[in-house]
Amino acid sequence: MSIPCAFVYVTCFVSSFAAFGTHLPIFLLHHPVCLQLQTKRARRTMGHTVRVAVATLNQWAMDFQGNLERILRSIEIAVAGGATYRTGPELEVSGYSCEDHFHEPDTYLHCWEVLLELMRAPAAQNMLIDVGMPVQHRNVAYNCRVAFYNERIVLVRPKMIMCDDGNYRETRWFSPWTKERQTEELQLPRFVALALGQETVPIGDAVIATRDTCLGYEICEELWNPRSKHIDMSLAGVEIIVNGSGSYMQLRKAHITTDLIRNASYKAGGAYLFSNLRGCDGQRVYFNGCSAVALNGQVVARGRQFALSEVEVTVAAFDLQDIRAYRGALRSRSSLAASTPTYPRIHLPIELAGLAANWHTAPASEPQTSTQGGEWGYHRPEEEIALGPACWLWDYLRRSGQGGFFLPLSGGVDSSSTAIIVYSMCRLVVEAVAGGDRQVRDDCRKILADPDYLPTDAGDLCGRLLFTCYMGTENSGQETRRRASTLAAQIRSHHLDIGIDTAVSALLGVFRLATGQTPRFRTDGGCPRQNLALQNIQARTRMVLAYLFAQLMLWVRGRPGGLLVLGSANVDEALRGYMTKYDCSSADVNPIGGISKVDLRRFLAYAQREFGLPVVADIVQAPPTAELEPLVDGAIAQTDEQDMGLTYAELSEFGRLRKQAFCGPFSMFCKLAAAGGRDPAEIADKVKHFFRCYAINRHKMTVLTPSYHAESYSPDDNRFDHRPFLYRANWTWQFRAIDAELEQLARHHLHQTPPNGSATVPPALPPLPPANRQPDEHEPSSHDPSPTTASGTGDHHGTLFFAGPNASNNNTTTMSGAASAHHLYLPGDGQLTVATGLPKSQSSGGYSRMHSSVMGKIKDRTGVPV
């Protein structure tokens, strides 16, 4: 063939490929004829609009096959949406929570195998794509973004700032890349190199430069860190910042991520692409979703926070010229940019604004999300409780291979909240199936072992998935039994009402046979130890029966499999240790274990209104009690807040000071005393009481049921709250410091004399409820105690413990700024009026201070923590 003929052939060849958007090898793109054609095409289109896709994926740690399929699905949706660039969440190939599996060579091998499958997939051609996966370079493990285009790896960008707070422990498995603006050559695994014909790839702190724009990476914590990388990259000319993240949900947190994304693009100019995991990937956390795209300070597209769908792709389009105009108008930014060091640029001869021209042909049925413009509405805390734990439970149920849930339902706030969360889960399943989510439909059929079942009614589905049981004793009241059965009927769970006195008597009979002794309740003349043991045997019997029924109820119904036992102890009770070890607070999973009593009450009010559950009003107003002591004249004689010596609102605030403010006993007392509003001596007693109880019951956190993480002061020993579980319960040195400070405050008050000559004294206060149950050893069941006022407090604690002079305001801010009092509203009733406690004639009053002193407050005696 002659040279002129060859050029004609190449010209026709290139023109045909250009016309149909078919992939050309990168070396051919540099051919003079190809460059000439591209120049003409660029003049003709003058395109500056880039369409990008951010994926929200529900990945599962170590599920390489499932993770691959979900990533491929997101790529297909991005292609259908006309995107020229696709990004995904952090460590999406392996799953985020692999933990010590990141020490295993197999994990890295399988990640490279998945990457090869992705690069060869037909849907992945002609699109710039990056995925999150672990990579080893020179025997060091890094958390990386791996970018590729048409079966060639372009860049491996390691994470530079690790996260080691909250539930994160990244430096246990990964090292940060510390060589700023530097790259090295990563030697690809041999099988990868042979498959791709590529021996090495740049790894390090670099950016990708296409013909029309420049793209750079932050990874999760780098956005949250004070020295965020997007500032330097934007000054160096990077126009699109990409963040693959693994950010988990906490109550009242969703706006923080959105603000960071918006502010990053506002201050630096440019586009910010945020892609996040969603769901439970094998741990206590629920990843938050909310993938988003921001441009010049505005969120232009955003995905959902809570959903059952495994794959959601948010597609957004923006004009590169808008970025350049915005930045050019910021003169101070331009002055800084002129002197900013550059980044290594990996040049990729493509145009993101011109790769895909047929986006308008995307099928309308594709399950992608593109929320354009406007302000994003955030869920209220009660809505987050209704949605987050429900989605987490669905993930846990379908991945555990079990056939439903078993819940000991007492008719109190805690177990009722757990039951309603399962009902909320059923509503979400029905909604997802109605919206065409075949994965949810298939998962539901698999769980129920019914290949033809179609969930169309939440109540019907709840009756198939949730088994509830009221386990009553002679100490149980008729009202709790009625509330439990009524709630079960309203959510249509499969409900049982049984008595367990026979089982309790049998166990006590074994004790009598072995010892010749018969323990008695306090009301019958028994000592505190006897009284406590008799309460605990009831609670632990419920746990044993719960697991028996969970294993056999599907057998009774003629279905295969078993049930997951649900726990229902809230975060405040865990903090105080107000639960029997290995009672019915011990379960397979606990959806409310990270939620405070105050928030649960708000959730119940929301559920009554939104889900149509009238019985909730009675549940919220009921006095909190474990019902483990004998009734007095047929009435409940035990209340939880009296037993604890602390209100639930006080526990929440003590928890925030302990965890969020890092307060020990002394600094906690000083902060509370400085806030005013209460007698410092009273504060000192409360602080000491809290820390004694916390120390003596800390051992229970080592066996705490895995709980949905929702609250930042969770005492979960497994991951979130690393502290000893064996303490000196009397805190001798610390309490002595409190006493010394209290003396100083007393002298200060005595020496302050007003003009009339009388000394000032602390304001008069109503009497405190006695710290009557032995605080050092109390462990009755978390059998759904509920607080006794709208704010979750006792009758004279309508606001939080150390609320200041404005405590009567509905939104009082406490000294720590971490919590506020809440009022509940029920439909048609206005503000909810809640009973403030039992009449004196019905209350046992608990143990006296003398009993408490005998059991555990004597120096060096810690009580009986059983």
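In what follows, the structure referred to is the one given above.
Residues numbered from 1 in each chain as written. Predicted model: local features only at pLDDT ≥ 70, side-chain atom pairs only at ≥ 80, totals over all residues. Heavy atoms only, no water.

Caption draft 1: The nonpolar core, seen in detail. Among the nonpolar cores identified, the biggest contains 64 residues, and Leu393, Phe405, Ile420, Met425, Leu461 and Phe603 are the most heavily contacted of them. In this structure, this core is formed jointly by two domains, domain 1 (49-357) and domain 2 (380-622), each of which donates at least three residues. Leave out the neighbours within four places in its chain, and Ile420 touches Leu487, Phe603, Leu604, Ala607, Phe611, Leu613 and Val616. Ranked by size, the runner-up nonpolar core spans 43 residues in total, among them Ala55, Ala83, Ala124 and Val313. (Core = buried A, V, L, I, M, F, W, Y, C linked by side-chain atoms within 4.5 Å. Buried < 20%, exposed > 50% of the residue type's maximum accessible area, 1.4 Å probe, protein only. Domains from an automatic or database assignment. Contact = heavy atoms within 4.5 Å.)

Caption draft 2: Spotlight on helix H9 (residues 254-268). With 15 residues, H9 extends 22 Å between its outermost C-alpha atoms, agreeing within 8% with the 21 Å of an ideal straight helix rising 1.5 Å per residue. Buried residues of H9: Ala254, Thr257, Thr258, Ile261, Arg262, Ala264, Ser265 and Ala268, and no others. Along H9, the residues classed as buried sweep out an arc of 165° about the axis, all on the same side. In H9, the exposed positions angled more than 90 degrees off the buried face are occupied by Tyr266 and Lys267. One or two steps after H9, the chain reaches Gly269, where phi turns positive at roughly 75°. (Helix = DSSP H or I, 4+ residues; strand = E, 2+ residues; numbered from the N terminus. Expected span 1.5 Å × (residues − 1). Arc of directions from axis to C-beta.)

Caption draft 3: How the structure looks around the sheet that holds strand E17 (residues 345-347). With mixed pairing, the seven strands of this open sheet are ordered in space as E15-E14-E11-E10-E9-E8-E17. With partners counted over all chains shown, the strands left at the sheet margins are strand E15 (298-302) and E17, one partner each. Between one strand axis and the next, the sheet turns by 25° as a mean value, whatever way the strands run. Relative to strand E10 (residues 240-245), strand E9 (residues 214-219) runs parallel, the two sharing five bridges. Paired with Leu215 across the bridge in E10 is Ile240. Packing against the sheet, H9 makes contact with strand E11 (271-276), strand E14 (292-295) and E15, and its axis sits at approximately 125° to E15. (Pairing = 2+ DSSP bridges. Axes fitted to C-alpha atoms, helices over the stretch in contact; angles between N-to-C directions.)

Caption draft 4: A look at a negative patch on the surface. Residues Glu104, Asp106, Glu113 and Glu117 make up a contiguous surface patch of negative charge. Here Glu117 lies in helix H5 (residues 105-120). (Patch = residues over 30% accessible without salt bridge, like charges linked within 9 Å, V, L, I, M, F, W, Y side chains within 5 Å. Areas by Shrake-Rupley, 256 points an atom, 1.4 Å probe, with all protein chains shown as cover. Salt bridge = Lys/Arg side-chain N within 4 Å of Asp/Glu carboxyl O. Lys, Arg positive; Asp, Glu negative; His and termini not counted. Charge placed at Lys NZ, Arg CZ, Asp CG, Glu CD.)

Caption draft 5: A look at the packing of aromatic side chains. Evaluation of the coordinates by the stated rule reveals 16 aromatic pairs. Consider the rings of Tyr96 and Phe287, whose centres lie 5.7 Å apart with planes at 65°: the pair is edge-to-face. Taken together, the residues span a long stretch of sequence, with Tyr96 in the loop between strand E2 (85-87) and H5 and Phe287 in strand E13 (residues 287-288) at a distance of 191 residues. Judged by its relative accessible area of 2%, Phe287 falls in the buried class. Judged by centre distance (5.1 Å) and plane angle (45°), the rings of Phe654 and Phe690 are tilted. (Phe/Tyr/Trp six-rings, centres within 6.5 Å; stacked < 30°, edge-to-face > 60°.)

Caption draft 6: Expanded view of the packing of helix H12 (residues 381-400) against helix H13 (residues 413-434). It is the contact of H12 with H13, at a shortest axis distance of 8 Å, that shows an interaxial angle of 75°. In terms of axis orientation, H12 runs roughly perpendicular to H13. Within the contact between the two elements, H12 uses Ile385, Ala386, Leu387, Pro389, Ala390, Cys391, Leu393, Trp394 and Leu397 and H13 uses Ile421, Val422, Ser424, Met425, Leu428 and Val429. In the contact of H12 with H13, the residues fall into 14 nonpolar, one polar and no charged. (Parallel < 35°, antiparallel > 145°, perpendicular 65-115°, else oblique. Nonpolar A, V, L, I, M, F, W, Y, C, P; charged D, E, K, R; others polar.)

Caption draft 7: Quick look at the side chain of Asp443. Note that Asp443 resides in helix H14 (residues 438-448). The contacts of Asp443, once residues within four sequence positions are left out, are Trp394 and Arg398.

Caption draft 8: Representation of the environment of Leu566 within the structure. Along the chain, the position of Leu566 falls in the loop between strand E22 (564-565) and helix H19 (571-576). Exposure remark for Leu566: the relative accessible area of 0% places this residue in the buried category. With 161 residues separating them in the primary sequence, Leu566 and Phe405 have C-alpha atoms 6.6 Å apart. Contacts of Leu566, omitting those with residues within four sequence positions, involve Leu393, Phe405, Phe406, Leu407, Pro408, Thr418, Val422, Ala587, Val589 and Pro591.

Caption draft 9: Summary view of helix H18 (residues 528-556). Over its 29 residues, H18 runs 41 Å from end to end, which matches the ideal 42 Å to within 8%, given 1.5 Å per residue. At Ala550, H18 shows its largest kink, close to 30°. Of the residues trailing H18, Gly558 is marked for its positive phi of about 75°. (Bend = angle between axes of the 7 residues up to and from the residue.)

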